[in-house]
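Tertiary structure, described
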Amino acid sequence: MSDMASAQKFRWLVAAIGVLLAVAGGGWLLRQSWSGKPAAETKQPKADPLLPTTPVSRPVPPPEGYVGSAACASCHADLCKTFAQHPMGRSSSLTPGPADIEDFSPEKGIFTAANGTRYQAEKVGDKVLHHEIGTDAQGRTLYDLKVPVSVALGSGTRGKTYAVNRDGILLQSSISWYSAKGGYFELSPGYENVADNPHFSRRMMEGCLVCHIGRMEFDPDVPEKLLPPYVHEVSIGCERCHGPGEQHVRSQEAGKTLSPDPSIVNPARLPMRERESVCYQCHLHGVHREVRYGRHPRDFRPGMPLEEIFCVLVKEDAAVGDSKAVSQVEQMRASACFKGSPEKLGCISCHNPHEWPAVETRDDYYRERCNKCHKDKGCSVPVNQRAEKGDSCIACHMPRSTPKDVVHASQTDHRVLKSPSSVTESEQSPTPGRSQSPLKFFDDSDKRLPHWEVQRTRGMMRASARTADDPEQNSLALLLPLANIAPDDVPLLNALGGDYLNRQNHVQARKWLEKAVALQPKNEQTHVLMTLTCIGMKDFAAAKEHIGVAVKINPHVPLNFAIQAQVLAECGEYAQALRAAEKVVELDPTQTSIRDQLLKLQRN
């Protein structure tokens, strides 16, 4: 078959896969171009005298020594009891289970999306099932895609989202539960655009999971995958803020009661930057958050500065006017309270991490916190006006928003404005997506980080955003010089391969991706990128091999099977291609066109 005939014959399939690429979303890997003119080649990077001239050493993994929160309760029963009622102590739960507060009745558990698709959350015996039900114009059921969910992420204070556990690969359900309006089920954040619905196949990555689930058993060979028993501690526990407790427990059992005990961390005794980093590990998101070379999100330990694991880019003009679209940390640090109390005001100035104030005492609790600094001056508002809001400092100065603004955005206004009501609606409207304003490293961490790590963070951010306004600051220009400094950096190699693939420079893409495959043979992302690269080179035998590995690693993503269907069809293996297309439809019943077109080709 000629190249031209082949291109024409499978144009429909490339288009269909393009739809799936858009639907899958969630990362630069799935936003690569399938057609069009090659992007302009980057200039050869200039030599940078600040970069190392020899490879750097891979960081040593931090010590483990976890014992679980139950081991803490024997000495700290009261603290453990109150923490169990704190949202952090309820950050995730097994479902079905005693933490289920949702109403799964048909009256509450069924809703219809804007495109007419029905969704249902129901409890059936020892399972919680989520359904996506497609219907025709007459309301007749076309398909019922149902999945069992086993973990509910979220305390329920504002809501919950749910994880489907597929042999250690956690996928987010399309359905979430929101606590407002008496509690209701609705589409999960990011699923609202019904045209881009991942249909229960969106991967839940480690960076999200570690801030909701206490401790997991990660597969050392397969990125983003868990091994049995999957979860050691379902909710955030004591060791998230105090560090692994094995040595501390041994010391206590042996009667070696040092005070303070250097084997356990008390965040209140840490220097300001390290103290706040304990909270920032989960409550600071920024515009871009990059895990440093050789690290994982799970590597953070209390006592570390945040930048030892994470590099966070925030908006330079982070805003007093941006009330909902940034994290609590960014809002707090923009407040007059923070700026007026350098090296003093922090998260635990107002929040007790061991105890969550009851609704009936919350106003008194936070008023007491405010009066630690403002008691002498007091409130200038007349008493009768204050009484209208229960004499509540937070009701006036830290109003709450609805629970469905922006994922991970602050739900309480941490800017602590003198007159929040004077802020215009346009200033308060959420602005999801990447900011156009200049970015800076949070807390000026770039002044403390190695120069090459600063460059890596900017390069990885540009690779994920596919931005190249300045040819000398695009991802290739930033990352290429680092490949010799950290030659075993698989995320960097994938970024280089993906960038060259997007430029349709398949030879260079393959060069970098082959290095990544050699280093991490079970990396799904690398194999999918290699598949796309080999397709571009019309090396369908190699493409077949790599997509075969990808679907074996993760057989739960319709996109991977759609690509496999194309590759197998190009190889003339129509029966196998049809099986891959059937798998696409099994995972995403809306994508029947791929299967139907293959059937038509097979008949012809």
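The coordinates are above.
Residue numbers run consecutively from 1 along every chain, following the written order of its sequence. Thresholds applied to this predicted model are a pLDDT of at least 70 for local features of residues and 80 or more for the giving and counting of side-chain atom pairs; totals over whole chains, interfaces and linings are not thresholded and use all residues. Values reported for side chains reflect all heavy atoms of the structure, with hydrogen atoms and water molecules removed beforehand.

This next bit is on the overall build of the chain. What the chain contains, in helices and strands, is 25 helices and 15 strands. A buried classification covers 47% of the 604 residues belonging to the chain. In the chain, the share of contacts with a sequence separation of at least 24, taken over all contacts with a separation of at least 6, comes to 60%. Counting only carbon and sulfur atoms, one obtains 53% of the accessible surface of the chain, whose full area is about 29600 Å². Put simply, DSSP H or I for four residues or longer makes a helix, DSSP E for two residues or longer makes a strand, and each gets a number counted from the N terminus. Only protein chains enter the accessibility calculation, which uses a 1.4 Å probe. A residue is then buried if its area is under 20% of the maximum for its type, exposed if over 50%, and partly exposed in between. Here, two residues are considered to be in contact whenever any of their heavy atoms come within 4.5 Å of each other. For the accessible areas, the method is Shrake-Rupley and the probe is 1.4 Å, while residue cover comes only from the protein chains on display.

It is worth spelling out unusual backbone geometry at this point. Across the junction of Thr-95 and Pro-96, the peptide omega takes the value 0 degrees, indicating a cis bond. Mapped onto the fold, Pro-96 is located in the loop between strand 1 (92-94) and helix 5 (106-109). Of note, the amide linkage connecting Pro-228 to Pro-229 takes the cis form, showing an omega dihedral of 10 degrees. Mapping Pro-229 onto the fold places it in strand 12 (residues 226-233). Of note, His-199 is a non-glycine position whose phi angle comes to about 55 degrees, a positive value. With respect to the secondary-structure elements, His-199 resides in the loop between strand 9 (184-187) and strand 10 (202-203). Backbone geometry at Lys-538 places phi at a positive 60 degrees, although glycine is not the residue there. Within the fold, Lys-538 resides in the loop between helix 21 (524-536) and helix 22 (540-553). With relative accessibility at 46%, the residue Lys-538 sits in the partly exposed group.

What follows is about the state of the cysteines. Two cysteine sulfurs form what is called a disulfide whenever their separation falls within 2.5 Å. According to the stated counting rule, one finds one disulfide in the structure shown. With its sulfur 2.3 Å from that of its partner, Cys-211 forms a disulfide with Cys-282. In this structure, the disulfide formed by Cys-211 and Cys-282 twists by about -95 degrees around the S-S bond and is classed as left-handed. Of this pair, Cys-211 sits in the loop between helix 6 (206-209) and strand 11 (215-218) while Cys-282 sits in helix 9 (residues 272-283); the two residues are 71 residues apart in sequence, bridging distant segments of the chain. Look at Cys-282 and you get buried, because its relative accessible area is 16%. A disulfide-free cysteine, Cys-72 has its sulfur positioned 3.9 Å from the sulfur of Cys-238, the nearest such atom. Cys-72 sits in the buried class, given a relative accessible area of 18%. Cys-80 forms no disulfide, and the closest cysteine sulfur to it belongs to Cys-238, at a distance of 4.2 Å. Of the residues examined, Cys-80 reaches a relative accessible area of 18% and is grouped as buried.

Quick look at the nonpolar core now. Counting residues in hydrophobic clusters, the biggest one holds 53 residues, and the most contacted among them are Trp-452, Leu-479, Leu-482, Leu-496, Trp-512, Ile-563 and Leu-598. In terms of residue count, the dominant contributor to this core is helix 23 (residues 558-570) (eight residues). Setting aside chain neighbours within four positions, we find Leu-479 in contact with Arg-456, Gly-459, Met-460, Leu-492, Ala-495 and Leu-496. By size, the runner-up hydrophobic cluster in this structure holds 21 residues, among which are Phe-111, Tyr-143, Val-147 and Trp-177. As used here, the term nonpolar core means buried Ala, Val, Leu, Ile, Met, Phe, Trp, Tyr and Cys residues forming a set that is joined through side-chain atoms within 4.5 Å.

On to the packing of helix 23 against helix 24 (residues 574-587), then. Where helix 23 contacts helix 24, the two axes come as close as 8 Å, and the packing angle between them is 165 degrees. As the angle between them shows, helix 23 and helix 24 are arranged roughly antiparallel. Viewed along their axes, helix 23 and helix 24 form a crossing whose handedness is left-handed. Facing helix 23, whose interface residues are Pro-558, Phe-561, Ala-562, Gln-564, Ala-565, Leu-568 and Ala-569, helix 24 presents Tyr-574, Gln-576, Ala-577, Ala-580, Ala-581, Lys-583, Val-584 and Leu-587. Throughout this entry, Asp, Glu, Lys and Arg are counted as charged residues, while Ala, Val, Leu, Ile, Met, Phe, Trp, Tyr, Cys and Pro are counted as nonpolar. The remaining residues, Gly among them, count as polar. Its residues assigned to classes, the contact of helix 23 with helix 24 shows 12 nonpolar, two polar and one charged. The axes used here are C-alpha line fits, helices contributing only the stretch in contact, and every angle between their N-to-C directions lies in the interval 0 to 180 degrees. An angle below 35 degrees is treated as roughly parallel, one above 145 as roughly antiparallel, one from 65 to 115 as roughly perpendicular, and anything else as oblique. Put simply, a crossing is left-handed when the front helix is turned counterclockwise from the back one by less than a right angle, and right-handed when it is turned clockwise.

On to the pairing of strand 8 (residues 169-178), then. Here strand 8 lies mainly inside the structure; 10 of its 10 residues are buried. Any two strands with at least two DSSP bridges between them are considered paired. Across seven bridges, the pairing between strand 7 (residues 159-166) and strand 8 is antiparallel. Counted as the bridge partner of Thr-161 is Ser-176 from strand 8. From the end of strand 7 to the start of strand 8, which pair antiparallel, there are two residues, and Asp-167 there has a positive phi angle of about 55 degrees. Across two bridges, strand 8 lies against strand 10 in antiparallel orientation. Note on strand 10: the bridge partner recorded for Gln-172 is Arg-202. When strand 8 meets strand 9, the two strands line up antiparallel, connected through four bridges. Each residue of the ladder has a partner; that of Ser-176, found in strand 9, is Glu-186. Adjacent in sequence and paired antiparallel, strand 8 and strand 9 are bridged by five residues, among which Lys-181 carries a positive phi angle near 55 degrees.

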